[in-house]
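# Understanding the architecture of this molecule
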Amino acid sequence: MKKAIQTLPPGYEEIFSIDMKKDRKTALAVNLLALGIMLAVGIPMNFVVPILTLFDMESGVWLYFLRFAVMLAGIVAYIILHELVHGAAMKVFGAEKVHYGFNGVFAWAGSSDYFGKTGYIVIALAPVVFWGAVLALICAIVPESWFWVVYFVQITNVSGAAGDFYVTAKLLRFPGDVRISDNGLGMRVYSAEKAERTQF
C-alpha cells in the first residue's frame, strides 16, 4: 500500500473535492444515508432484543437513570475515539502530522499529507470496522437490560460512518494513481492519469 507523501508529484491535478460545509446537496445525501443506516440497523434489532428492556425499572430507579447516563457518555466518548482511530490510521499510512478539531457540530481528524487510494479507504473505514467489532462483542456479553445502552453507541458508529461510506464509494470509481488530501473539514482528490486523459 502506498504511503502518504507530503508533496504531489508533477502532473497531478484536482479531479474531485468534497466540502460538507459548502456542498449542501452532498451533506443532505450523507445525512439521509445516515438516517437510512440508523433505521436499517435499529429496527430489526428490536425484534431480537426489545427496546423496552432499556426502560426496565425492576432493578431500581437509579439503575434506570444510570443506563441513560452511560449511554450518553458512551456516545460522546465514541465520537472522540472514532476520530482517534482515523488519526491512528493516518499515522500508520505515513502521515507526518495529524491534527484534530471540533467545530461545534462534528469532530474531525485531518492531515496535510496526500494518501494513496487503498490507504485512504482503510483510513476512512477503520473506525467503523474496529469499533463495530468491539461494540458487537460488548453487546454479546452485557445483560439484556444494558444491551440497548451499548447498541445505541453501535448505531452511532455505523450511521455516523455514512460520510466514510460515501467517500469510499466515490474513490472506488477513480484511477489507481489518485492521491487524497483530507484536512478534516473536506477532502480533495488528485490524479495524473485522469488529467492526462482530459488533455486529448
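The text that follows walks through the structure, step by step, so that each part is easy to find. (Residues numbered from 1 in each chain as written. Predicted model: local features only at pLDDT ≥ 70, side-chain atom pairs only at ≥ 80, totals over all residues. Heavy atoms only, no water.)

## A closer look at the side chain of Glu83
Relative to the assigned elements, Glu83 resides in helix H2 (residues 61-92). Those residues within four positions of Glu83 in sequence are excluded, and the remaining contacts are Tyr100, Ala107, Trp108 and Ala109. (Helix = DSSP H or I, 4+ residues; strand = E, 2+ residues; numbered from the N terminus. Contact = heavy atoms within 4.5 Å.)

## Details of the packing of aromatic side chains
Taken as a whole and assessed by the stated rule, the structure comprises 11 aromatic pairs. Each ring, one from Tyr114 and one from Tyr190, has its centre 5.7 Å from the other, and the planes form 80 degrees; the classification is edge-to-face. One end of the pair, Tyr114, is in strand S3 (residues 107-116); the other, Tyr190, is in strand S5 (residues 186-191), with 76 residues separating them in the sequence. Judged by its relative accessible area of 13%, Tyr190 is buried. Their ring planes at 85 degrees and their centres at 5.3 Å tell us that Trp148 and Tyr151 sit as a pair that is edge-to-face. Taken together, the residues Trp148 and Tyr151, both in helix H4 (residues 144-159) and three residues apart, mark about one turn of the helix. Classification of Tyr151 by relative accessible area gives buried; the value is 10%. Members of the aromatic cluster, each reached through a chain of ring pairs, are Phe55, Tyr64, Phe65 and Phe68. (Phe/Tyr/Trp six-rings, centres within 6.5 Å; stacked < 30°, edge-to-face > 60°. Buried < 20%, exposed > 50% of the residue type's maximum accessible area, 1.4 Å probe, protein only.)

## What to know about the nonpolar core
Among the nonpolar cores identified, the biggest contains 36 residues, and Phe115, Tyr120, Trp148, Leu171, Ile180, Met187 and Val189 are the most heavily contacted of them. Of all the secondary-structure elements, those providing two or more residues to this core are strand S1 (13-19), H2, S3, helix H3 (117-141), H4, helix H5 (162-171) and S5. If near-sequence neighbours (up to four positions away) are discounted, Ile180 is found in contact with Asp113, Tyr114, Phe115, Gly116, Lys117, Tyr120, Leu171, Met187, Arg188 and Val189. (Core = buried A, V, L, I, M, F, W, Y, C linked by side-chain atoms within 4.5 Å.)

## Focus on the packing of helix H1 (residues 24-46) against H4
Between H1 and H4, whose axes approach to 9 Å, the crossing angle comes to 150 degrees. Here H1 is positioned roughly antiparallel relative to H4, judged by the angle of their axes. Of the two possible hands of crossing, H1 and H4 adopt the one that is right-handed. Only Phe147, Trp148, Tyr151, Ile155, Val158 and Ser159 of H4 make contact with H1, whose side of the interface consists of Ala34, Ile37, Met38, Val41, Gly42, Met45 and Asn46. Considering only residue class, the contact of H1 with H4 consists of 10 nonpolar, three polar and no charged. (Axes fitted to C-alpha atoms, helices over the stretch in contact; angles between N-to-C directions. Parallel < 35°, antiparallel > 145°, perpendicular 65-115°, else oblique. Left-handed = near helix turned anticlockwise from the far one by under 90°. Nonpolar A, V, L, I, M, F, W, Y, C, P; charged D, E, K, R; others polar.)

## Thoughts on H1
Helix length check: H1, at 23 residues, gives a terminal C-alpha distance of 33 Å against a target of 33 Å (1.5 Å per residue), a fit within 8%. Among the residues making up H1, those that are buried are Thr26, Ala27, Val30, Ala34, Ile37 and Gly42. The inward-facing, buried residues of H1 contact S1, H4 and H5. (Expected span 1.5 Å × (residues − 1).)

Just geometry here; none of it tells us what the structure is for.
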